Amino acid sequence: MASPSSEAGILLTGLTLRLENVPYYVPPRSIGVIPWHKQDSKGSGFDLAPITIVTKHSGTLGREELEDIVANFSSVDDVFQAGFLQGIYIRYTDSHASRLCDAGLNDCTDMQDSCLDNNSANITDGPYFVSATGSVFQAYRLYSDTQGSFSETVVPDEHAGFAVLPANVPGQSLAVAVPSRLYFKPRPEKPLAGVRLGVKDIYDLRGVKTSNGNRAWYKHYPAAEETAPAVQNLIDAGAIVVGKMKTSQFANGETATADWVDYHSPFNPRGDGYQDGSSSSTGPASGEASYSWLDVTLGSDTGGSIRSPSQAQGLYGNRPSHGLVSMKRVMALAPEYDTAGILARDPRLWASTAQALYRENITLLNAYPTSVLTVGFPSNSSTPYSEKLQRFIRDLTSFLSANATPYDVQESWRTDMPGEQPLAILLNNTYELLTAKQQAKSVRDKLFSSYATAHHGRLPYVDPSPLQRWAFGDDDDDDASSTTTTMEQVIAAKTKFMDWFNEKALPRDPGTCSKHLLVYAPRMPTPKYRDTYLKGPSRPLPFSVTRLSVYSGAPDMVVPIGEMAYESVVTKKTECLPVSVDLMAAKGCDGTLFSLVQDLHAAGILTTVKTGRSIVNGGDVLV
């Protein structure tokens, strides 16, 4: 094993091996050298031995202390295992010489030099592989992306960018490589140190191609030269990117199987495992809901692309206040609506990731409104679903010492804005038109033109859903009648609603940031099987409660509160689907919502979501 070399055109990309039947990837670059010589080296150049490095600051390391260290390693790290105890390298920071021992500390050899190069001082305690000459390599455990959540898996390269992971494991899926958690120690400047991050495949990663869910786009354009600022914010905070995750094509709404053509839709692990995962951030949602080794994922929300898959797969997910973080080097649907948000199972990590993502644009504030506006909540508890909703509102208002008031946005609009068109008419197809016109210009026209130039006038394949969306915008542009809608009219309608909503419906408050909390029930959990045949792609709804944050720019957060039983036509058994509610606050009050969710979690009103079939009980994903 050696560093990369360009001799004879050969570039080493690392290797894969199995230790105690667990697959690992070993990067090609050594991170340091320790005084070591493997006497039984066969000279193949790939002789590696597993080793555990332990630092001892005073005294000598005894068996009982070693057992405690091993137990701690095993409890916090999925990369470490007993196989790494074949060799134990003990670094003493006092006058003792470093020692190389066996697992029982019975056979030890003193090493006269504590390190042989400057990099070795940066080697933290944990599992490694070491070459016959003492070169130390990090250990990455390999997992199989059994749910089809990833489009490309990556490892860091030597240029502050990323390279495609050159490894695979059994499972008919991409392999995902994760480094030992023991290599990273969170500190103030690196609060996300070691947090494993999956990124929706519309964000650029330096050195890696972006697909936008379209094979022609991936093939036609080169790897990104820079990383998107939103992703870079998380990397700067210490997050470890492990791969890019599938998106529905060009982030348009698509239903599993029926609309997904270029790429197969990721699998929703909940219930019977064959429910639609929703889109377009379904890859980030699928991975987060399925894999305990994946900590958080980064998605985007234009009209519901984080919130809808978070609801369908039982995750915490946020659409932030519009403009909270740069969307540079991110494929656009409509800049007036596009936002970057996070999907997570643990609301505490969710909040700390948000602080790293939005930086100075978010401040956690634990002073809360005592007025709660409810939308879509039942007036009684006549069904198990309505009882769950009612219980959450009771718990929330009790926690806040608040009053809950039913809220009708369309009636409030009529009262506050006499003489104005009803919302359903004012907004009508505002969202659909703006996204269609904007993306046709920024994505379709660019792709079609450059592809045709490269392929003698041919056009690339595009899924039915984005084609339908773009055609809707074209039809409006071609309409010769007086009903043609200009971009200025679309934006004016959106702005009129935004100004009213942010002043009247969810105004700011000097003490609690937001005068009210708005809570709505987004969907009743009902089965939506991924093998259902559809007549064609569906168009976005012209206006609904889920559009309030889209039009107003206010934050909207999905909170899982439980699950509901249903009878699966697949398993012929009773399975469960997640139940969620959405919380909204005044624009710019994202920190209030993140703090509230953390406090509700601490109070036991909300819980950490589990991976697998059930958000409550976990369980293996059914396949």
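Bear in mind that the values here come from a model prediction, so they are computed numbers and not experimental data.

Trainee: Is there a simple way to explain the domain arrangement of the protein chain in this structure?
Mentor: Size of an interface: often given as the accessible area lost when the parts come together. According to the domain assignment, the protein chain consists of domain 1 (15–37 + 46–98 + 106–142) and domain 2 (143–156 + 188–406 + 494–603). For domain 1 and domain 2, the distance between their C-alpha centres works out to 39 Å. Taken together, both faces of the contact between domain 1 and domain 2 bury some 540 Å²; the carbon and sulfur share is 44%. Per-residue buried area on domain 1 facing domain 2 is highest for Asp78, Tyr140 and Leu142; these three make up 60% of the total on that side. Taken together, domain 1 and domain 2 are joined by one salt bridge. Linking domain 1 to domain 2 there are three residue pairs in polar contact (both at pLDDT 80 or more). In terms of residue count, the dominant contributor to the side of domain 1 that touches domain 2 is strand β10 (residues 140–144) (three residues).

Trainee: Is there a simple way to think about the sheet that holds β10 in this case?
Mentor: In a beta sheet, neighbouring strands pair by backbone hydrogen bonds and run either parallel or antiparallel. Ordered in space as β1-β2-β10-β13, the four strands form an open sheet in which the pairing is antiparallel. Looking at the sheet topology across the chains shown, the edges are occupied by β1 (15–19) and β13 (175–179). Geometrically, the sheet is characterised by an average inter-axis angle of 40° between neighbouring strands, direction not taken into account.

Trainee: Even after reading the chapter, I still don't get the packing of helix α3 (residues 229–236) against helix α6 (residues 347–358), so can you show me in this structure?
Mentor: Relative placement of two packed helices is described by the angle separating their axes and the distance separating the axes. Direction vectors running N to C along α3 and α6 enclose 120°, while the axes themselves pass 8 Å from each other. Taken together, the axis directions place α3 and α6 in an arrangement best described as oblique. Between α3 and α6 lies a crossing whose hand is right-handed. The residues of α6 that touch α3, namely those facing Ala230, Asn233 and Leu234, are Thr353, Ala356 and Leu357. For the contact of α3 with α6, a count of residues per class yields four nonpolar, two polar and no charged.

Trainee: Please explain the sheet that holds strand β7 (residues 108–111) as it appears in this structure.
Mentor: Spatially, β3-β9-β8-β4-β5-β6-β7 is the arrangement adopted by the seven strands of the open sheet, whose pairing is mixed. The sheet is open, and its two edges are formed by β3 (32–33) and β7, each paired on a single side.

Trainee: Just to check I follow, could you spell out the pairing of strand β6 (residues 98–101) for this structure?
Mentor: Looking down a regular strand, the side chains alternate between one sheet face and the other. By the bridge criterion, three bridges tie strand β5 (residues 88–92) to β6 in an arrangement that is antiparallel. Across the sheet, tyrosine 89 pairs through a bridge with leucine 100, a residue of β6. Taking the residues between adjacent antiparallel strands as the criterion, β6 and β7 are bridged by six residues, where leucine 105 takes a positive phi near 60°.

Trainee: It is not clear to me how the pattern of salt bridges should be interpreted in this structure. Could you clarify?
Mentor: Side chains carrying opposite charge are able to pair once their charged atoms draw close together. Taken as a whole and assessed by the stated rule, the structure comprises 23 salt bridges. One salt bridge connects glutamate 158 with arginine 29, and the closest N-O pair in it is separated by 3.3 Å. Taken together, the positions of glutamate 158 in the loop between β11 (150–156) and β12 (162–164) and arginine 29 in the loop between β2 (22–26) and β3 put the pair 129 residues apart, joining distant regions of the chain. On the basis of relative accessibility, which here comes to 45%, the residue glutamate 158 falls in the partly exposed class. Assessed through its relative accessible area of 27%, arginine 29 is described here as partly exposed. In this structure, aspartate 301 and arginine 307 form a salt bridge, with 2.9 Å as the shortest nitrogen-oxygen distance. Across the pair, arginine 307 and aspartate 301 agree in class, each one buried. Members of the salt-bridge network, linked through shared partners, are Asp301, Arg307, Arg319 and Asp556.

Thresholds applied
Residues numbered from 1 in each chain as written. Predicted model: local features only at pLDDT ≥ 70, side-chain atom pairs only at ≥ 80, totals over all residues. Heavy atoms only, no water. Domains from an automatic or database assignment. Buried area = accessible area lost by both parts, 1.4 Å probe. Salt bridge = Lys/Arg side-chain N within 4 Å of Asp/Glu carboxyl O. Polar contact = N/O pair within 3.5 Å; in protein donor to acceptor, adjacent residues only side chain to side chain. Helix = DSSP H or I, 4+ residues; strand = E, 2+ residues; numbered from the N terminus. Pairing = 2+ DSSP bridges. Axes fitted to C-alpha atoms, helices over the stretch in contact; angles between N-to-C directions. Parallel < 35°, antiparallel > 145°, perpendicular 65-115°, else oblique. Left-handed = near helix turned anticlockwise from the far one by under 90°. Contact = heavy atoms within 4.5 Å. Nonpolar A, V, L, I, M, F, W, Y, C, P; charged D, E, K, R; others polar. Buried < 20%, exposed > 50% of the residue type's maximum accessible area, 1.4 Å probe, protein only.

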